[in-house]
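So you can see what is in the structure, the chains are spelled out below.
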Amino acid sequence: MNYKEISSTQNPYIKQLVLLKDKSRERKKSGLFLIEGIREIELAIKGGYVLDTVLFYPGLFSENELEALTTSQNSTIEISKDVYEKLAYRSTTEGVLAVAKPKSHLISDLKFDTQTPLILIAEAPEKPGNIGAILRTADAANADAVIIANPKGDLYNPNIIRSSVGCVFTNTIATGSTTEIIKFLKAHNINIYCAALQASVDYHTQDFTQATALVVGTEATGLSDEWRVNSTQNIIIPMQGEIDSMNVSVAAGILIFEAKRQRNFK
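Predicted model only: the values in this text are computed from it and were never measured.

Asker: Mind showing me how you'd approach the overall build of the protein chain here?
Answerer: Scanning the protein chain from terminus to terminus reveals ten helices and twelve strands. Relative to the 2.2 N^0.38 estimate, which gives 18 Å for 266 residues, the radius of gyration of the protein chain is 20 Å and therefore close to what a compact globule would have. Residue burial in the protein chain is summarised as follows: out of 266 residues, 48% are buried. Taking all contacts inside the protein chain whose residues are at least 6 apart in sequence as the whole, residues at least 24 apart take part in 77%.

Asker: What am I meant to see in helix α1 (residues 12-22) here?
Answerer: The periodicity of an α-helix, 3.6 residues per turn, causes residues three or four places apart in sequence to face the same way. Buried within α1 are the following residues: I14, L17, V18, L20 and K21. For α1, the arc enclosing every buried residue in end-on projection is 155°, short of the 170-degree limit, so these residues lie on one face. Taking the backbone nitrogen of Y13 as reference, a side-chain oxygen 2.8 Å away marks N11 as the first, capping residue of α1.

Asker: Looking at this structure, how should I read the pattern of salt bridges?
Answerer: Opposite charge on two side chains allows them to pair when their charged atoms are near. Tallied over the entire structure, the rule returns three salt bridges. Two residues, R27 and D154, come together in a salt bridge whose shortest N-O distance is 2.9 Å. Within this pair, whereas R27 is found in helix α2 (residues 24-30), its partner D154 is found in the loop between β7 (145-149) and α7 (158-163), the two being separated by 127 residues in sequence. The burial state of R27 is the same as that of D154; both residues are buried. A salt bridge links R261 to E258; its shortest N-O distance comes to 2.8 Å.

Asker: I would appreciate a short explanation of empty space enclosed by the protein in the present structure.
Answerer: The method is simple in principle: a probe with the dimensions of a water molecule rolls over the atoms, and the space it marks as empty is what remains. Following the criterion strictly, the structure yields one cavity of 30 Å³ or more and no others. Of the volumes computed, that of the largest cavity is approximately 100 Å³. Looking at the largest cavity, the residues that line it are K21, L34, I35, E36, L87, Y89, R90, L97, P158, I161 and R162. Across the lining of the largest cavity, the residue classes tally to seven nonpolar, no polar and four charged.

Asker: Teacher, can you tell me more about the pairing of strand β6 (residues 118-123) here?
Answerer: On a regular strand, one side chain projects to one face of the sheet and the next to the other, so that they alternate. Of all the six residues making up β6, six are buried; the element is thus mostly covered by neighbouring parts of the structure. Burial of the side chains of β6 extends over both faces: L118, L120 and A122 are buried on one face and I119, I121 and E123 on the other. Relative to strand β11 (residues 212-216), β6 runs parallel, the two being bridged by five bridges. Bridge pairing links L120 to L214 in β11. Summarising the sheet, β6 and β7 pair through five bridges and their orientation is parallel. Bridge pairing in β7 places I121 opposite I147.

Asker: Quick question: what am I supposed to make of the nonpolar core here?
Answerer: The tendency in soluble globular proteins is for nonpolar side chains to be buried as a group. If you look at the biggest cluster of nonpolar residues, it comprises 49 residues, and the most contacted ones within it are F33, I35, V96, L135, V168, F169 and L214. In contact with F33, not counting residues within four places along its chain, are L20, R27, Y49, A98, V99, A100, K101, P102, Y156, I161 and F169.

Asker: Would you explain the sheet that holds strand β9 (residues 191-195) in this entry?
Answerer: Two pairing modes exist for strands in a sheet, parallel and antiparallel, and in both the strands are linked by backbone hydrogen bonds. Taken together, the seven strands give an open sheet; going across it, the order is β8-β7-β6-β11-β9-β12-β10, and neighbouring strands pair in parallel fashion. The sheet is open, and its two edges are formed by β8 (173-176) and β10 (200-202), each paired on a single side. Here the strands of the sheet are splayed against their neighbours by 30° on average, with no regard to which way each runs. With respect to the sheet, helix α6 (residues 128-141) is in contact with β6, β7 and β8, its orientation differing from that of β6 by roughly 175°. Of the strands in this sheet, β6, β9, β11 and β12 (233-236) are in contact with helix α10 (residues 248-262), which crosses β11 at around 160°.

Here is what the cut-offs are and how they apply
Along each chain, the written sequence defines residue order, and numbers are assigned to residues from 1. Local features in this predicted model are restricted to residues of pLDDT 70 or higher, and side-chain atom pairs are both shown and tallied only at a pLDDT of 80 or more, whereas totals for entire chains, interfaces and linings draw on every residue. The side-chain figures draw on all heavy atoms in the structure; neither hydrogens nor water molecules are used. Put simply, DSSP H or I for four residues or longer makes a helix, DSSP E for two residues or longer makes a strand, and each gets a number counted from the N terminus. Radius of gyration: C-alpha atoms only; globule rule: 2.2 Å multiplied by the number of residues to the exponent 0.38. Working definition: with a 1.4 Å probe on protein chains only, accessible area under 20% of the residue-type maximum means buried, over 50% means exposed, and in between means partly exposed. Contacts: residue pairs with any heavy atoms within 4.5 Å of one another. Arc definition: directions from the helix axis to the C-beta atoms. We call two N or O atoms a polar contact when they sit within 3.5 Å, provided that within protein one can donate a hydrogen and the other can accept it, with sequence-adjacent residues counted only if both atoms are side-chain atoms. The salt bridge definition used is simple: a Lys or Arg side-chain nitrogen within 4 Å of an Asp or Glu carboxyl oxygen. A 1.4 Å probe that fits but cannot get out identifies a cavity on a 1 Å grid over protein atoms alone, an open set with protein on both sides within 12 Å along at least five of seven lines counts as a pocket, and a residue lines either if it has an atom within 4 Å of a point. Grid points are joined across faces, edges and corners, and a volume is the space filled by probe spheres set on the points. Charged residues are taken to be Asp, Glu, Lys and Arg, nonpolar residues to be Ala, Val, Leu, Ile, Met, Phe, Trp, Tyr, Cys and Pro, and polar residues to be all remaining types, Gly included. By this definition, two strands are paired if DSSP reports at least two bridges between them. Among the buried residues, those of types Ala, Val, Leu, Ile, Met, Phe, Trp, Tyr and Cys that are joined through side-chain atoms within 4.5 Å form a nonpolar core. An axis is simply a line fitted to the C-alpha atoms; with a helix, the fit covers only the stretch in contact. Between two such axes, the angle follows the N-to-C directions and lies from 0 to 180 degrees.

Have a look at this one:
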């Protein structure tokens, strides 16, 4: 098949894509973001994301593989090795990228298919790697939603896409301020369990079989006072070593899989 070809890294469109890769402001301004890798693109399609353009380097990615990613809705561009290396974020790559349109993640739009949703909430996570790991954990547990309170950046940072191995596309995700999220949870009668040192009980003593939100904060500062005073119960993971905290994504994994255990992994 004949595709449009771009071989120069100085092409204006390629320069725009480099900005999409590197700048959150450009992603917000254009309403587009860049996805790298076949698995990530396939998960985006599965998650209902609309692809604007698919770009491939034929030295690494075949036309047969390309067929599964192209529709009448998107355009396809063949790019040179130099262009691909300019756009690729990873050192080990597969020769294909996509330009996609983001989804809305307003907390007001969040809906559940069950009366007893299991939600994982992270307040103000800063490190893309931690956000990606939390999204992987939520996907593994088949959580009903992940909510990011007071987000520090956008969800389509290439580091988040990479560290989540595409789970940013498979999870139901909402964002909002801590105040907005607490109001939403209370309006929907969802119990709030906050991982905190203050006024807390061991996490495994609580009943997570009802509508449940598990809330974790950053390792440096923990959760804000607003979460702690509005919680149904503050909970703690008993620590038996010399330190009193652990990586936020690890803590989230422990809590959510205890909830899944109580629900007989359903």
